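As a plain string of letters, each chain reads:
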Amino acid sequence: MKLVIAEKPSVAQSIAGVIGADEKKDGYLEGNGYLVSWCVGHLLELAQPEAYGEQYARWRYGDLPILPEEWKYEVPKDKKKQLDLLCRLMKDKRVDSVVCGTDAGREGELIFRLVYQYAGCSKPMERLWISSMEDAAIRDGFEHLRPGSDYDKLYDAAVCRAGADWLIGINATRLFSVLYHKTLTVGRVQTPTLKMLADRDAKITGFQKEKYHIVHIAGGGMEAASDRFPDPGEAESVKTACGGARAVCASIHREKKTEQPPKLYDLTTLQREANRLFGFTAKQTLDYAQTLYEKSLLTYPRTDSRFLSDDMEQTAAGIVTGIVPLLAFMEGAVFSAEIRRILNNAKVSDHHAIIPTAEFVKQGFSGLADSERKLLSLVCCKLLCAVAPAHEYEAVTAVFTCAGQEFTAKGKTVLAAGWKDIDRRFRASLKADADEDSETVKELPELAEGQVFEDVAASVTEHFTSPPKPYTEDTLLSAMERAGAEDMPDDAERKGLGTPATRASILEKLVQMGFVQRKGKQLLPTKDGINLAAVLPEALTSPALTAEWETRLSEIAKGEADPDEFMAGIEAQARDLVTAYSCISED
């Protein structure tokens, strides 16, 4: 008999339904040669410092750094019952092998392996690795179970990630809290993220706005504008010279341009667009996507790939055809789908891009909450845009001379709407707040070089330079994704701060701890947050550290780097930190 362990009860139920384990027991399901049970997230977590010695109950500089020789784990009280049950099932004489069915990624591997080791289990282990909770995907996953040992390196990377976060987080938090007599929580990803918010805030606060003027001329259907004039007097004299004068079209530049369709969603781009269009926080988007995944309507959300694997061509074609009738905004739209464009094996690591499932094609939107409905339509729209033809237009730039000054007019003519027609239809179907970035380039009248416009009207408008905008979750997620990218090799698997799966919880944590506040869609650092970012050393506030960690962790997962060497380096970092900051600097 096989024991299958999933990450959550809802996932366990979906798996049990497919493999025929339909008899309900207390905390597990049974049937057809299977027992199916579940974890509830992490059942074991790294113990607090006190577990390594009672002296650590008090926070003292003299006890730092704390460097455990052997990691200890503790069981959260509310999870003890489920952990005991899993241990019992693993020891059950009927069970001859165990299937790891937790989420297919670094953290899922850690959640399962810690339980397997805690139970002292040595029964053969297999891995279920799937990207979709649809029946067909689960069946296929069970037909192709892999030996658990294939994922040993992924587990090594997960243990290193958890240990490194503990070593830097615990030691830096205690160190700076003791120095400043105030609890200052430090984290490898949250601290550089906070620093980005504080830096942006400083730029906004210190911004000096400057006034400038633009002169406009108009006549015979033509409108054009000058460059900026800082001096209002100069702008006025140009206006006076041009009023009633003649303007001549000096040059026209026409250029055909093509905008390729967007790629499919990975988690970060989905979180960004859902924030921009619907105001969802990154965590809300992840929660809604996870629920839709568990309902088999969406593929696995915690992905950093924006392509599908080559063998998904038929599936994807079927889904594209199937979702068009379900979307009211596609009524009357005509397009031919190019599925090949979204396939690329080389760009799919653990999981492919996020798309709706064949189950969704069957069920449609019925019975879904408004937020889930919105997120699903967004994913559907992206899939259709990604396989639609390119958007083609002609960009026109005309330069006019008038009274010795140059004026420019820009316009565009759409030659083939392509994917932008689908995008426009979708945005039009949303209520108001989605149109921030709609384009405002107008069509120009027919123009010819040397064409003369007599007696033009002239006017002046006044403008101010604007400060950088505060971060929203959309722009901050984008900045986190790119942070430190210039310090990383081109082929680094995970660039930037955090992973697609952890960024949302980092933002929530900063808000909960009072270092960041939400104001509408904006994220602003609080006074405490600004002060914390100011007192911490660059080694902790620079994204380079975490960018380097993520590169090393993905090398460990591929078997290209040594976990012990990595951890030795982290311990050295913790020691250096404590030595370097033994007292508060004067400034």
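Thresholds applied
Residues numbered from 1 in each chain as written. Predicted model: local features only at pLDDT ≥ 70, side-chain atom pairs only at ≥ 80, totals over all residues. Heavy atoms only, no water. Helix = DSSP H or I, 4+ residues; strand = E, 2+ residues; numbered from the N terminus. Buried < 20%, exposed > 50% of the residue type's maximum accessible area, 1.4 Å probe, protein only. Areas by Shrake-Rupley, 256 points an atom, 1.4 Å probe, with all protein chains shown as cover. Lys, Arg positive; Asp, Glu negative; His and termini not counted. Charge placed at Lys NZ, Arg CZ, Asp CG, Glu CD. Pairing = 2+ DSSP bridges. Contact = heavy atoms within 4.5 Å. Axes fitted to C-alpha atoms, helices over the stretch in contact; angles between N-to-C directions. Parallel < 35°, antiparallel > 145°, perpendicular 65-115°, else oblique. Left-handed = near helix turned anticlockwise from the far one by under 90°. Nonpolar A, V, L, I, M, F, W, Y, C, P; charged D, E, K, R; others polar. Salt bridge = Lys/Arg side-chain N within 4 Å of Asp/Glu carboxyl O. Polar contact = N/O pair within 3.5 Å; in protein donor to acceptor, adjacent residues only side chain to side chain. Phe/Tyr/Trp six-rings, centres within 6.5 Å; stacked < 30°, edge-to-face > 60°. Lys NZ or Arg CZ within 6 Å of the ring centre and 35° of its normal. Disulfide = S-S within 2.5 Å. Patch = residues over 30% accessible without salt bridge, like charges linked within 9 Å, V, L, I, M, F, W, Y side chains within 5 Å. Core = buried A, V, L, I, M, F, W, Y, C linked by side-chain atoms within 4.5 Å.

Participant: I would appreciate a short explanation of the overall build of the chain in the present structure.
Facilitator: Counting secondary structure elements, the chain contains 19 helices and 18 strands. Judged by the C-alpha coordinates and their principal axes, the chain covers about 95 × 65 × 40 Å. Counting every position in the chain, which comprises 587 residues, the buried fraction comes to 50%. Surface summary for the chain: the accessible area is close to 27700 Å², and the carbon and sulfur share equals 49%. The chain carries 72 positive and 90 negative side-chain charges, and their two centres are separated by 4 Å.

Participant: Help me understand the pairing of strand 12 (residues 247–259), please; the structure alone is not making it clear to me.
Facilitator: Regular strands place their side chains on alternate faces of the sheet. Direction of pairing for strand 12 relative to strand 13 (residues 391–402): antiparallel, over a ladder of twelve bridges. Paired with H253 across the strands is T397, a residue of strand 13. Bridge count between strand 12 and strand 15 (residues 452–453): two bridges; the pairing is antiparallel. Within strand 15, the residue paired with V248 across the bridge is V452.

Participant: Sorry, what's going on with the environment of W549 here?
Facilitator: Looking at the element boundaries, W549 is found in helix 18 (residues 543–557). Once the C-alpha coordinates of W549 and I570 are considered, the two residues, 21 residues apart in sequence, prove to be 9.5 Å apart. In this structure W549 touches A164, D165, I168, R188, F566, I570 and Q573, once residues within four positions along its chain are discounted.

Participant: Explain the sheet that holds strand 4 (residues 34–38) here, please?
Facilitator: The strands that make up a sheet are held in pairs by hydrogen bonds between backbone atoms, and each pair lies either parallel or antiparallel. Strand order in the open sheet formed by seven strands is 2-3-4-1-7-8-9, and the pairing between neighbours is mixed. The open sheet has two edge strands, strand 2 (23–24) and strand 9 (146–147), and neither has a second partner. Summarising the sheet, strand 1 (residues 2–6) and strand 4 pair through five bridges and their orientation is parallel. Its bridge partner being in strand 4, A6 is matched across the sheet by W38.

Participant: What exactly am I supposed to notice about the packing of helix 8 (residues 267–278) against helix 14 (residues 473–482) here?
Facilitator: Working note: a packed helix pair is described by the angle between its axes plus the distance between those axes. Viewed as axis vectors pointing N to C, helix 8 and helix 14 meet at an angle of 160 degrees, and their least axial separation amounts to 8 Å. Regarding the angle of helix 8 to helix 14, the classification is roughly antiparallel. Crossing handedness for the pair helix 8 and helix 14: left-handed. Counting all contacts with helix 8, which are made through T268, Q271, R272, N275 and R276, the residues of helix 14 involved are E473, D474, L477, S478 and E481. Classifying every residue of the contact of helix 8 with helix 14 by side-chain character gives one nonpolar, four polar and five charged.

Participant: I'm lost on the pattern of salt bridges in this one. Help?
Facilitator: Working definition: two side chains of opposite charge can pair if their charged atoms are close together. Tallied over the entire structure, the rule returns 39 salt bridges. The residue R94 makes a salt bridge to D92 at a minimum N-O spacing of 3.0 Å. By sharing partners, the salt bridges in this structure join R106, E107, R161, D165, R188 and E550 into a single network.

Participant: Is there a simple way to think about the side chain of T268 in this case?
Facilitator: In this fold, T268 is placed in helix 8. A polar contact of 2.8 Å, which involves the side chain of T268, links it to the side chain of R503. The residues contacting T268, other than those within four sequence positions of it, are L477, E481, P500 and R503.

Participant: What is the right way to look at unusual backbone geometry in this model?
Facilitator: Excluding glycine, most residues fall at negative phi; most peptide bonds, likewise, are trans. Cis peptide bonds are those with omega within 30 degrees of zero, and the linkage from L64 to P65 qualifies with -5 degrees. Structurally, P65 is set in the loop between strand 5 (45–46) and strand 6 (73–74). Unlike most non-glycine residues, D455 shows phi in positive territory, near 50 degrees. For D455, a relative accessible area of 57% corresponds to the exposed category.

Participant: Looking at this structure, how should I read the packing of helix 8 against helix 12 (residues 370–387)?
Facilitator: Relative orientation of the contacting elements helix 8 and helix 12 amounts to 120 degrees, with a least axis distance of 11 Å. Relative to helix 12, helix 8 is oriented so that their crossing is right-handed. Every residue of helix 12 that contacts helix 8 at L270, E273, A274, L277 and F278 is listed here: K374, L375, L378, V379 and K382. Its residues placed into classes, the contact of helix 8 with helix 12 shows seven nonpolar, no polar and three charged.

Participant: How should the packing of aromatic side chains be read in this particular structure?
Facilitator: The description of two aromatic rings rests on the distance between their centres and on the angle between their planes. Inspection of every chain in the model, using the stated rule, returns 13 aromatic pairs. Each ring, one from F278 and one from F280, has its centre 5.2 Å from the other, and the planes form 40 degrees; the classification is tilted. In this structure, F278 and F280 share a single accessibility class: buried. It is R200 that lies over the ring of Y471; its NZ or CZ is 4.1 Å from the centre.

Participant: Is there a simple way to explain the side chain of T472 in this structure?
Facilitator: As for its placement among the helices and strands, T472 is situated in the loop between strand 16 (457–464) and helix 14. Apart from residues lying up to four places away in sequence, T472 is in contact with N275, K521, Q522 and L523.

Participant: Just checking my understanding: could you explain the state of the cysteines for this structure?
Facilitator: What is meant by a disulfide is a covalent connection between two cysteines, made through their sulfur atoms. Enumeration according to the criterion identifies zero disulfides in this entry. You can see C121 has no disulfide; the closest cysteine sulfur is in C87, sitting 9.2 Å from it. A residue is classified by how much of its surface remains accessible, and C121, at 12% relative accessible area, is buried.

Participant: Quick question: what am I supposed to make of helix 14 here?
Facilitator: Residues spaced three or four apart along an α-helix point in a common direction, a consequence of the helix completing one turn every 3.6 residues. Most of helix 14 sits out of view: seven of its ten residues are buried. Burial in helix 14 covers these residues: E473, D474, L476, L477, S478, A479 and M480. Here the buried face of helix 14 lies against helix 6 (190–205), helix 8, helix 9 (282–294), helix 15 (503–512), strand 17 (516–519) and strand 18 (522–525).

Participant: How should a negative patch on the surface be read in this particular structure?
Facilitator: Taken together, the side chains of D140, E143, D310 and D311 define an acidic patch exposed on the protein surface. Along the polypeptide, D310 turns up in the loop between helix 9 and helix 10 (313–323). Exposure remark for D310: the relative accessible area of 40% places this residue in the partly exposed category.

Participant: Explain the pairing of strand 11 (residues 222–229) to me, please; I cannot follow it from the model alone.
Facilitator: Two strands pair when backbone bridges link them, and strand 10 (residues 211–219) and strand 11 are joined in this way by six bridges, in the antiparallel orientation. Within the sheet, the bridge partner assigned to I217 lies in strand 11 and is A224.

Participant: What's the story with the environment of R106 in this structure? I'm lost.
Facilitator: Assignment of secondary structure puts R106 in helix 3 (residues 106–118). Each C-alpha atom, one on R106 and one on L154, is 6.0 Å from the other, the two residues being 48 residues apart in sequence.

Participant: Sorry if this is basic, but what is going on with the nonpolar core here?
Facilitator: Note that soluble globular proteins tend to have their nonpolar side chains buried in a common cluster. The biggest cluster of nonpolar side chains holds 80 residues, and the ones touching the most others in it are M90, M480 and F566. For this core, the element with the most residues is helix 5 (residues 152–180), which contributes 14 residues. Setting aside its immediate chain neighbours within four residues, F566 contacts C160, A164, W549, R552, L553 and I556. Core analysis: the next-biggest nonpolar cluster, separate from the first, contains 46 residues, L270, L298, L383 and V387 among them.

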